[in-house]
Amino acid sequence: MSKRLDQPTDDNARSDHYARTRVREVALNEGISDLQALQRVLYRSAKQDQTRRFHALYDKLTRSDVMWQAWVNVATNQGAPGIDEISIDDIKAGGMEAIMSFLDTLAKQVRAQTYRPQPLRRVNIPKAGQPGVTRPLGIPTLADRVLMAAAKLILEPIFEADFSAVSFGFRPKRNAHDALEAIRQSANSGAQWVLDADIKSCFDEIDQGALMELIERRVSDRAMLKLLKSWLRVGVIESVVYSDIKSGTPQGSPISPLLCNIALSVLDEELAKARYKTGKAVRYADDWVVLCGTRKRAETARSVAETALVRLGLRLHPDKTRIVNLTRGAEGFDFLGFHNHMCESVKWPSHYYLQKWPSDRAMASIRANVKEKTDRRYVGLSLDTVVDGLNPILRGWSQYFRYGNSSKKFNTINSYVHERMAILASNKYGLHGRNWDTRFNYQWITNLGIYRLTGTVRRTPVPDALQKLLEMVNHNGVHMSFLVPGTKTSVTPRGQGRALCPNFSGSEDNPEGSRGYSSLLAEWNIELRRTFVRVALCFMPPTDHRSVRRLARKS
């Protein structure tokens, strides 16, 4: 198989030697690892030519750095064993020698093309906040998971070049809070009608043929396509009964989120084409909303989405898809665990702004976890042991929900935790009543060391505009040098080119350098601000545009 990274589209194709050393050159010039350089070259190649199809990807799976990073990702995520009952701990027990032997054996099978995926182990896990409702998962074997993670490392940069800015789920440097912030900005800008949509059994009903057609737009490597098809068509075993899979993606595998994003990119494209007739879409994996100015536009967005999903063999859930009116707090909707609702401003009456706090389902989930960890069966344990088991749950839950307007909900959880710990202590010591005023008071719960949610609420995290700009400047090779206004940080991205600002040896704390701090800020003139804003707006997502302009004005 050719060693070339990808196939040049021009007639004057470069030599194989140059193609092989491109990744090494990028790694040396930008000071990054070979794997990062490979991903950047793949991303840039796909970004520069939107019609390029990559034909030499299968051999990249067995690179030592790719296999090792795939193992690290799988081992970090833990996970249950597959049908062969080989767990991560079983491999780790043999030390580094056993891990390398496991990876080498898998790599040899892939190179010889004798690798065959094993059936998935089907398990049903309960849905958070929905008692009695379960979700089916297909758990691959450990070897399958490692190879899937390796394929994701190679394929993800290629398809990232095509993904829309409205997609936030399971993508590098994007998270749920970015999606929620995009919703907040759109709602506060006048989009008061929301299409709150739900795709019925998205992972289970995706048409595999349509999905492979989308993948083949970018991938022409037959061995890689054959490998992906084998993962899609592998069967499942549930209670010793084998079943074939004719549709859907293996939910629970490392590569399933990427495959889901590839499939639903069709939805993003259709909604983007009809944006001026509908509104702004925000999607996180298979959860998505469209914020519109009128009800008619929301209905148009629904019809556009239904037409786009038919191509993928999917359909909207008739009971869970609805149109919500946010005007003056008339209605609200749940998205990514938060309840979003327009609330009247205390400072400016008659002005309404979108606020978010943990949804009823999220509250029910954390209360159930707290109740389970403080159950009566734990009376034999010390309270310190109970607190040690409870604190990670409270801390993890608050780390996600602390961004927004969650103070009241956090106080409710604090009171519930206090109550549950008091009941447990009463049962432990054989006391009657809850003894709130005499023994189990605020001082008592504080001395226990229980994690308190009160005071942890933060403003929605806005990505650091300057840091993201620098990353994109370095990533795209734009030559620019400037000093951060309002700080004492001097920044010069990699690359050659004349600096836009002169060097400076002083600081805000020590303005007696070769150039004073005030004179330095004076050199951040109008023309430089315009240059900064122009470059930033080209390389940054729309959700950060306001931050860039505000930073430029403050300078």
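What this report covers is the structure whose coordinates are included nearby. (Residues numbered from 1 in each chain as written. Predicted model: local features only at pLDDT ≥ 70, side-chain atom pairs only at ≥ 80, totals over all residues. Heavy atoms only, no water.)

1. Focus on the overall build of the protein chain
Inference 1: For the protein chain, the count of helices and strands is 20 helices and 13 strands.
Inference 2: In the protein chain, the proportion of contacts linking residues at least 24 apart, taken out of those at least 6 apart, comes to 65%.
Inference 3: Within the structure as shown, the protein chain displays about 28300 Å² of accessible surface, and the carbon and sulfur contribution to it stands at 49%. (Helix = DSSP H or I, 4+ residues; strand = E, 2+ residues; numbered from the N terminus. Contact = heavy atoms within 4.5 Å. Areas by Shrake-Rupley, 256 points an atom, 1.4 Å probe, with all protein chains shown as cover.)

2. Structural notes on the pairing of strand β10 (residues 338–344)
Inference 1: Along β10, 6 of the 7 residues are buried, which leaves the element largely enclosed by surrounding structure.
Inference 2: Two strands pair when backbone bridges link them, and strand β9 (residues 332–335) and β10 are joined in this way by 4 bridges, in the antiparallel orientation. Opposite D334, over in β10, you have H339 as the bridge partner.
Inference 3: In this structure, the hairpin formed by β9 and β10 is closed by a connection of 2 residues, where L336 is found at a positive phi of approximately 55 degrees.
Inference 4: Summarising the sheet, β10 and strand β11 (residues 352–358) pair through 7 bridges and their orientation is antiparallel. By the bridge assignment for β11, E344 is matched with Y352. (Buried < 20%, exposed > 50% of the residue type's maximum accessible area, 1.4 Å probe, protein only. Pairing = 2+ DSSP bridges.)

3. Quick word on the nonpolar core
A general feature of soluble globular proteins is that nonpolar side chains tend to end up buried together.
Inference 1: Residues W71, V146, I215 and W288 are the most contacted members of the largest nonpolar core, which totals 88 residues.
Inference 2: Setting aside residues up to four positions removed in sequence, I215 forms contacts with F159, L225, L228, L259 and I262.
Inference 3: Of all hydrophobic cores here, the second largest spans 48 residues; its members include F168, V289, A425 and W444. (Core = buried A, V, L, I, M, F, W, Y, C linked by side-chain atoms within 4.5 Å.)

4. Re the packing of helix α3 (residues 64–77) against helix α6 (residues 142–160)
Inference 1: The interhelical angle for the contact between α3 and α6, taken along N-to-C directions, is 115 degrees, at an axis separation of 8 Å. The two elements α3 and α6 meet at a crossing, and its hand is right-handed. When α3 is examined against α6, the residues V66, M67, Q69, A70, W71, N73 and V74 are found in contact with a partner set consisting of L142, R145, V146, A149, A150, L153 and I154.
Inference 2: Looking at the contact of α3 with α6, its residues break down into 11 nonpolar, 2 polar and 1 charged. (Axes fitted to C-alpha atoms, helices over the stretch in contact; angles between N-to-C directions. Left-handed = near helix turned anticlockwise from the far one by under 90°. Nonpolar A, V, L, I, M, F, W, Y, C, P; charged D, E, K, R; others polar.)

5. Focus: the sheet that holds β10
Inference 1: Here 3 strands make up an open sheet; going across it, the order is β9-β10-β11 and the pairing antiparallel. The open sheet is flanked by β9 and β11, the only strands paired with a single partner. Averaged over all pairs of adjacent strands, the angle between their axes in this sheet comes to 30 degrees, without regard to strand direction.

6. Structural notes on a nonpolar patch on the surface
Inference 1: Together, W68, M96 and M100 give the surface a local cluster of nonpolar side chains, amounting to about 280 Å² of exposed area.
Inference 2: Examined against the element boundaries, M100 turns out to sit in helix α5 (residues 95–111).
Inference 3: Classification of M100 as partly exposed rests on a relative accessible area of 35%. (Patch = residues over 30% accessible without salt bridge, like charges linked within 9 Å, V, L, I, M, F, W, Y side chains within 5 Å. Salt bridge = Lys/Arg side-chain N within 4 Å of Asp/Glu carboxyl O.)

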